[in-house]
Amino acid sequence: MSDQPTKAETARAARLFDVRRVIGGLFTVYGVIVTIVGLFDSQAEIDKAAGVRINLWIGLGMLALGLLFLLWQWWRPAEPPPESDIPPADQIRE
């Protein structure tokens, strides 16, 4: 059996370590948290921000950005590098 990864394994690894998934996940989680905080802002916090519910708006923006990254990652998944760019296992130095 060969030590070379199969095409499916390479594609799965490329999708697993796609930076869009990490960025989208973090922005989505933080967006949900900041949106919830913004929903329960006190009047003093709203007055401090010149009458704007800044936590709510920033949280919704972060949530939208995170979902856009995740949608982008789903819509155009990462492709593994072409086989010509992958060196054979006996040429890889450790």
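What counts, and at which threshold
- Residue numbers restart at each chain and count upward from 1, following the sequence in its written direction.
- Restriction of local features to residues with pLDDT of at least 70 applies here, the model being predicted, together with a cutoff of 80 or more for giving and counting side-chain atom pairs; totals for whole chains, interfaces and linings are based on all residues.
- Values shown for side chains rest on all heavy atoms present in the structure; no hydrogens or waters enter the calculation.
- Helix numbers and strand numbers start at the N terminus; a helix is a DSSP run of H or I with at least 4 residues, a strand a run of E with at least 2.
- Here, residues are in contact when the closest pair of their heavy atoms is within 4.5 Å.
- Every accessible area reported is derived by Shrake-Rupley at a probe size of 1.4 Å, with residue values counting cover from the shown protein chains alone.
- For every residue, the accessible area (1.4 Å probe, protein chains only) is compared with the maximum for its type, and the residue is labelled buried under 20%, exposed over 50%, or partly exposed between those bounds.
- Under this definition, polar contacts are N or O atom pairs within 3.5 Å; protein pairs additionally need one hydrogen-donor-capable and one acceptor-capable atom, and for neighbouring residues in sequence, both atoms have to be side-chain atoms.
- Note that patches include only residues with greater than 30% relative accessible area and no salt bridge, and the join distances are 9 Å for like charges and 5 Å for nonpolar side chains (Val, Leu, Ile, Met, Phe, Trp, Tyr).
- A side-chain nitrogen of Lys or Arg and a carboxyl oxygen of Asp or Glu constitute a salt bridge if their distance falls within 4 Å.
- Multiplying one less than the number of residues by 1.5 Å gives the expected span of a helix.
- This arc is built from the directions going out from the helix axis to the C-beta atoms.

1. So, the overall build of the protein chain
Phase 1: Within the protein chain one finds 4 helices and 0 strands.
Phase 2: In the protein chain, the succession of α and β elements from N to C terminus is α-α-α-α.
Phase 3: Of the contacts made within the protein chain by residues no fewer than 6 positions apart, 76% connect residues no fewer than 24 positions apart.
Phase 4: Taken as a whole, the protein chain presents about 7,500 Å² of accessible surface, with 66% of it coming from carbon and sulfur.

2. Points about the environment of Leu56
Phase 1: Tracing the backbone through its elements, the reader meets Leu56 in helix H4 (residues 54-75).
Phase 2: Owing to a relative accessible area of 16%, Leu56 belongs among the buried residues under this scheme.
Phase 3: A sequence separation of 15 residues divides Leu56 from Asp41, and the C-alpha atoms of the two residues are 8.5 Å apart.
Phase 4: Non-local contacts of Leu56, meaning those with residues more than four positions away in its chain, are made with Thr35, Gly38 and Leu39.

3. Here we look at the environment of Val52
Phase 1: Its place among the elements puts Val52 in the loop between helix H3 (43-48) and H4.
Phase 2: Among all residues touching Val52, those that are not within four sequence positions of it are Ile46 and Trp57.

4. Topic: the side chain of Thr28
Phase 1: By secondary structure assignment, the location of Thr28 is in helix H2 (residues 19-39).
Phase 2: At 2.7 Å, the side chain of Thr28 forms a polar contact with the backbone oxygen of Gly24.

5. A closer look at a nonpolar patch on the surface
Phase 1: Taken together, Val22, Leu26, Val29, Tyr30, Ile33 and Val37 make up a surface patch of nonpolar side chains, about 540 Å² in accessible area.
Phase 2: Here Ile33 lies in helix H2.

6. Quick word on H2
Phase 1: Between the first and last C-alpha of H2 there are 30 Å, a value that for 21 residues agrees with the 30 Å anticipated at 1.5 Å per step.
Phase 2: If you follow the buried residues of H2, they end up packed against H4.

7. Some thoughts on H4
Phase 1: Spanning 22 residues, H4 covers 31 Å between terminal C-alpha atoms, matching the ideal 32 Å at 1.5 Å per step.
Phase 2: What H4 keeps buried is the set Leu56, Gly59, Met62, Gly66, Phe69 and Gln73. What you see down the axis of H4 is that its buried residues fit within an arc of 155 degrees, all on one side. Among the exposed residues of H4, those pointing more than 90 degrees away from its buried face are Trp57, Leu68 and Trp75.

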